[in-house]
Amino acid sequence: MKAKQFFHLALIFILVSCSFNPNENYSTIEGQLPKLASKDISFGFKDSLVKTAVNSDGYFHFNIPLKTYQYVYSKELNRKLFFLPNDSLHINGTTDKYIFNGGQSALINNYYTNWKEYLHTVADTANSKKYYSQKPYDFLKSVDSWIKVWLKPLVELQTSYPNLNPDFISFEKLRIKYWMYSDLNDYKSLDIPADFYKYLESVSFNEPTLLQLDEYKYFLSSYVFMRTRNLETLDKLQITSKMLDVIEETFYNERVKNEVSKEVIRIQTNRLAINDTLLKRFKYICKNDLYISKIENEYQTLKHLLKGTKAPEFELIDLDGSKAYLNDFKGKYLLIDVWSTTCTPCIREFPYLEKLRNEFENRDLKIITACLSNETAWKRALTKYGLKHDQFRIENGWSSSFKDDYIKSSGVPLYILIDPNGFLIDARAPKPSENLKELIYSLDGIKN
């Protein structure tokens, strides 16, 4: 189908670096998006951001120079789009579902819309717990089976369109492959045989063109975490140091190394598993100034929560309406479970937390919960889940000083461990279902 033609509505602004060359190939992008009327629409490439105005009727039209196929992210559309050189793409939408017309770029973008619907339909019938609880070799076979399931829409598209762009076909197969191979990286078992990891022989760790794929970037990061999963240490700084070792020995392409190191250190920074020395080492490994600046800013925001710093003061409210403060808990180790009534992972941890409470009942550890939800929802949840002991709520929840001081940009559940003198041991402690018990037993004065 031919795309409808519209007059140019605005000049194209190049915000980072993208020069127009008359000899380059172009893709025409135009559309009717009423929700963006009189606003701007932007498309982010690997090294540039192209931006144009949308008129009062929701129309826009411009050309983008392309030498090869590219995935491009649009913040306004909240999705990635696939573009081919010398192609046309018309976007129409009054809701969050967009219809694409034009050349093969349109065909491919409609495929991705349908593929996401297919994903949700199939995933709703899957049992994640059963999936990851399989034995190693069974899990390998399962992943291979799922790859065929997720490739089915592509096979059908190829059947309907024999001249489908071969670059897209290759890229889409790689997207599915790395997406599912991330599951192999994430797989945990007490006894994984060495040949389980033979799948790594068929992957590329240093292919910058694949950085267009979020699935590829996640695979690379998950590989680093997999390599450090079984380290026999509770010291988060040692684990981060080992992660940087893996990055340096695995990734030699600068763009890939920048991307992986940024993502790994971003996660470790949010876990408070970083210090000045590790930050300096990251800055040596990563050559992207923008990434370095973002990590530095995040680190400075969270630095007051690092191990050994004074725990920020807080105010909690119990079932009787009485207030409790940090000083009220001094003299014992304090574990705070921060949760909300709408957080399913929080609720899933309750039985594990109760086991900890029982195990350490007569020791120098106080376990309390602090809920971010409003009083009505909180009391309803306490009744529903049979929660009785040491229950508190945080006045103003997500708008509270507690959120600003302790949670920042993190989510819940969140576990905060404080020493008897009011100093932080770990403001991002492990979950009770993980190795929180081991961390507690490692503390001075807590005897097994």
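Residues numbered from 1 in each chain as written. Predicted model: local features only at pLDDT ≥ 70, side-chain atom pairs only at ≥ 80, totals over all residues. Heavy atoms only, no water.

**Student:** Could you give an account of the overall build of the chain, with specific residues and numbers?
**Tutor:** Along its length, the chain carries 14 helices and 16 strands. When the backbone C-alpha atoms are referred to their principal axes, the chain occupies close to 75 × 55 × 45 Å. Considering the chain as a whole, with its 448 residues, one finds that 46% of them fall into the buried category. Sequence separation of at least 24 residues holds for 66% of the intrachain contacts in the chain that already meet a minimum separation of 6. Total accessible area on the chain is roughly 23,300 Å²; 49% of this is exposed by carbon and sulfur atoms. The averaged location of the 56 negative side-chain charges in the chain is 2 Å from the averaged location of its 60 positive side-chain charges. (Helix = DSSP H or I, 4+ residues; strand = E, 2+ residues; numbered from the N terminus. Buried < 20%, exposed > 50% of the residue type's maximum accessible area, 1.4 Å probe, protein only. Contact = heavy atoms within 4.5 Å. Areas by Shrake-Rupley, 256 points an atom, 1.4 Å probe, with all protein chains shown as cover. Lys, Arg positive; Asp, Glu negative; His and termini not counted. Charge placed at Lys NZ, Arg CZ, Asp CG, Glu CD.)

**Student:** Requested: an account of the environment of tryptophan 146, with residues and values cited.
**Tutor:** Looking at the element boundaries, tryptophan 146 is found in helix H3 (residues 136-160). Considered as a pair, tryptophan 146 and leucine 279 are 133 residues apart in the sequence and their alpha carbons are 39 Å apart. Beyond its immediate stretch of four places on either side in the chain, tryptophan 146 contacts Val122, Ala126, Tyr131 and Met180.

**Student:** Tell me about the state of the cysteines, residues and numbers included.
**Tutor:** As enumerated under the stated definition, the model contains one disulfide in all. Here cysteine 343 connects covalently by a disulfide to cysteine 346, the sulfurs 2.3 Å from one another. On the sign convention where negative means left-handed, the S-S torsion of about 85 degrees between cysteine 343 and cysteine 346 marks this disulfide as right-handed. Each of the two residues, cysteine 343 as well as cysteine 346, counts as buried. (Disulfide = S-S within 2.5 Å.)

**Student:** Explain the nonpolar core to me, and be specific about the residues and the numbers.
**Tutor:** By size, the foremost hydrophobic cluster in this structure holds 102 residues, and its most contacted members are Phe168, Phe314, Val338, Tyr406, Ile416 and Ile418. Residues in contact with phenylalanine 314, not counting those within four places in the same chain, are Ala324, Tyr325, Leu326, Phe329, Leu334, Ile336, Phe402, Tyr406 and Ile418. In terms of nonpolar packing, the next biggest core, distinct from the first, is built from 21 residues, Ile29, Leu33, Ile41 and Leu66 among them. (Core = buried A, V, L, I, M, F, W, Y, C linked by side-chain atoms within 4.5 Å.)

**Student:** Now, about the side chain of aspartate 337: what can you tell me, with residues and values included?
**Tutor:** Structurally, aspartate 337 can be placed in strand E12 (residues 333-339). Among buried charged residues, aspartate 337 stands out as having no salt bridge; its nearest opposite-charge side chain is arginine 357, 6.6 Å away. Residues in contact with aspartate 337, not counting those within four places in the same chain, are Phe350, Leu353, Ile368, Thr369, Ala370, Pro413, Leu414 and Tyr415. (Salt bridge = Lys/Arg side-chain N within 4 Å of Asp/Glu carboxyl O.)

**Student:** Report on unusual backbone geometry, specifying residues and quantitative values.
**Tutor:** Cis rather than trans, the peptide bond between valine 412 and proline 413 has omega equal to 5 degrees. Despite not being glycine, asparagine 78 has its phi angle at roughly 55 degrees, a positive value. Even without being a glycine, asparagine 86 presents a positive backbone phi close to 55 degrees. For asparagine 86, a relative accessible area of 57% corresponds to the exposed category.

**Student:** Help me get a handle on the sheet that holds strand E8 (residues 87-92), residues and values and all.
**Tutor:** Taken together, the four strands give an open sheet; going across it, the order is E5-E2-E8-E9, and neighbouring strands pair in mixed fashion. Strand pairing shows two members of the sheet lacking a second neighbour, strand E5 (59-66) and strand E9 (99-102), which therefore form its edges. On average, each strand axis in the sheet is tilted by 20 degrees relative to the strand beside it, whichever way the strands run. As paired elements, strand E2 (residues 25-32) and E5 share eight bridges and run antiparallel to each other. The partner of glycine 31 across the bridge, within E5, is phenylalanine 60. Against the sheet, helix H1 (residues 104-123) touches E8 and E9, its axis set at about 160 degrees to E9. (Pairing = 2+ DSSP bridges. Axes fitted to C-alpha atoms, helices over the stretch in contact; angles between N-to-C directions.)

By themselves, these figures tell us nothing about what the structure is for.
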